[in-house]
Amino acid sequence: MSNYTIQLFRYFYSNIPPLFPKEEKEKIKDAMWQLETNQSLTPHQIEDTMITFGYILWPWNQAYKDFLTIAENAYGEEFLLPYLSEDLRKKYFHYKDYGLSLRDLHSGRPAVFFESEERVELYRALLKMQEDLKKYVNQQIASTEKKRFLDKVEEYNKILQKIEGQLNGLREIALNEQDHPILADEIREKIRMFEYGLCLLGPELSFHSVSQSIDFFTGRKMDLNRMRGIEEPKQINFYDE
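Everything in this summary refers to the structure shown in the same document. Per chain, residues are indexed from 1 in the order of the written sequence. Where totals are concerned, whole chains, interfaces and linings use all residues; where local detail is concerned, this predicted model gives features only for residues with pLDDT of at least 70, and gives and counts side-chain atom pairs only at 80 or more. Calculation of side-chain values draws on the structure's entire complement of heavy atoms; hydrogens and water are dropped beforehand.

Concerning the pattern of salt bridges
We define a salt bridge as a side-chain nitrogen of Lys or Arg found within 4 Å of a carboxyl oxygen belonging to Asp or Glu. A full pass over the atoms with the stated rule returns 18 salt bridges. Taking the shortest distance from any N to any O, the salt bridge between Arg103 and Glu72 comes out at 3.0 Å. You can see Arg103 sitting in the loop between helix H4 (86-97) and helix H5 (116-142) and its partner Glu72 sitting in helix H3 (residues 43-80), a full 31 residues away along the chain. Owing to a relative accessible area of 40%, Arg103 belongs among the partly exposed residues under this scheme. With a closest N to O distance of 3.5 Å, Glu155 and Lys152 form a salt bridge. Within this pair, Glu155 and its partner Lys152 are both found in helix H6 (residues 146-176), separated by 3 residues, close to a single helical turn. For every residue, the accessible area (1.4 Å probe, protein chains only) is compared with the maximum for its type, and the residue is labelled buried under 20%, exposed over 50%, or partly exposed between those bounds. Given a relative accessible area of 22%, Lys152 falls into the partly exposed group. Overlapping salt bridges bring together Glu47, Asp48 and Arg192 as one network. Segments assigned H or I by DSSP are reported as helices when at least four residues long, segments assigned E as strands when at least two residues long, and all are numbered from the N terminus.

Digging into helix H2 (residues 22-37)
A helix's residues, less one, multiplied by 1.5 Å, set its expected span. The terminal C-alpha atoms of H2, which comprises 16 residues, lie 23 Å apart, in line with the 22 Å expected from a rise of 1.5 Å per residue. Residues of H2 that are buried: Glu24, Ile28, Ala31, Met32 and Leu35. One face of H2 carries all of its buried residues, which in axial projection span an arc of 105°. Along H2, exposed side chains directed more than 90 degrees from the buried face belong to Lys22, Glu23 and Trp33. For H2, the secondary structure elements touched by its buried residues are helix H1 (2-14) and H3. Relevant arc is that of directions from the helix axis to the C-beta atoms, nothing else. Note on contacts: a residue pair qualifies if any of its non-hydrogen atoms lie within 4.5 Å across the two residues.

Details of the nonpolar core
Residues belong to a common nonpolar core when they are buried Ala, Val, Leu, Ile, Met, Phe, Trp, Tyr or Cys residues joined through side-chain atoms within 4.5 Å. Within the largest apolar cluster, 64 residues are counted, with the highest numbers of intra-cluster contacts made by Leu80 and Leu105. For this core, the secondary-structure elements that each account for two or more residues are H1, H2, H3, H4, H5, H6, helix H7 (181-196) and helix H8 (207-231). No other element matches the 15 residues that H3 contributes to this core. Residues in contact with Leu80, not counting those within four places in the same chain, are Tyr92, Leu102, Leu105, Ala125, Leu126 and Met129.

Section: the side chain of Asn61
Tracing the backbone through its elements, the reader meets Asn61 in helix H3. Look past the residues within four positions of Asn61 in its chain and what remains in contact with it is Phe12, Asn15 and Pro17.

Focus on the packing of H3 against H5
For helices, the fitted axis covers only the stretch in contact; all axes are lines through C-alpha atoms, and the angles between them, taken along N-to-C directions, range from 0 to 180 degrees. Orientation of H3 relative to H5, taken along the N-to-C sense of each, is 125°, at an axis distance of 9 Å. Judged by the angle between their axes, H3 and H5 are oblique. The hand of the H3/H5 crossing is right-handed. The residues of H5 that touch H3, namely those facing Tyr64, Phe67, Leu68, Ala71, Glu72, Tyr75, Gly76, Phe79 and Leu80, are Ala125, Leu126, Met129, Gln130, Asp132, Leu133, Lys134, Tyr136, Val137, Asn138 and Ile141. In terms of residue class, the contact of H3 with H5 is built from 14 nonpolar, 3 polar and 3 charged. In these notes the angle categories are as follows: under 35 degrees is roughly parallel, over 145 is roughly antiparallel, 65 to 115 is roughly perpendicular, and the rest is oblique. Working rule for handedness: look at the near helix, and if it is turned counterclockwise from the far one by less than a right angle, call the crossing left-handed; if clockwise, right-handed. Asp, Glu, Lys and Arg are counted as charged, while Ala, Val, Leu, Ile, Met, Phe, Trp, Tyr, Cys and Pro are counted as nonpolar; the rest, among them Gly, fall into the polar class.

Things to note about unusual backbone geometry
Positive phi is not limited to glycine here, since Leu19 has a value of about 70°. Its place among the elements puts Leu19 in the loop between H1 and H2.

Describing the side chain of Asp104
Here Asp104 lies in the loop between H4 and H5. Separated by 2.8 Å, the side chain of Asp104 and the backbone nitrogen of Ser101 make a polar contact. Under this definition, polar contacts are N or O atom pairs within 3.5 Å; protein pairs additionally need one hydrogen-donor-capable and one acceptor-capable atom, and for neighbouring residues in sequence, both atoms have to be side-chain atoms.

In structure tokens:
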């Protein structure tokens, strides 16, 4: 598990978006070297390191994904078609006649439309397309789109601050949960899963999913209280008005 996590960290580092502060990038590089050379580190400690930098990189990665998505919607097909054979190009246009799009190629939907060898060729072409899109987006960010990209990073940074506030609220709930230790453990585990989403270790993080979890655990506590009420006799405080 630790080797796999370190491999993810290498990928994490090698795909840092443009304009990311050099000093922060050097810190990530130094941390990666420590993880690769220090054999005494536990998997949990390695994950903690990735999560720490995940908080720093998340706004940048999200902004970069937005720019890649915009570029793919505008120019993806233009970049893809030169990498397809003539026969596959014709079949791709036939595929589009069914109402499917370039974005659908990233899902499993085309599996029934293309033969296995065609899917291999298509997969390789998509990788090449992504490389070209990244080069294009990097050039745009370095020149005409620099301000817009940094504004988008700041926009996601504000979202991250809200997410951190929600996670801190969950930590507070777990810390103060005295009646149901199992609930406190569930909350801490959920927080960990959210933090995994910052750095490729888990499903992508979203503010909506974090916000929903607070209501979920409120309901979970009510359920546990009801279950406990079945097993324990009710105590009535006659002094309450």
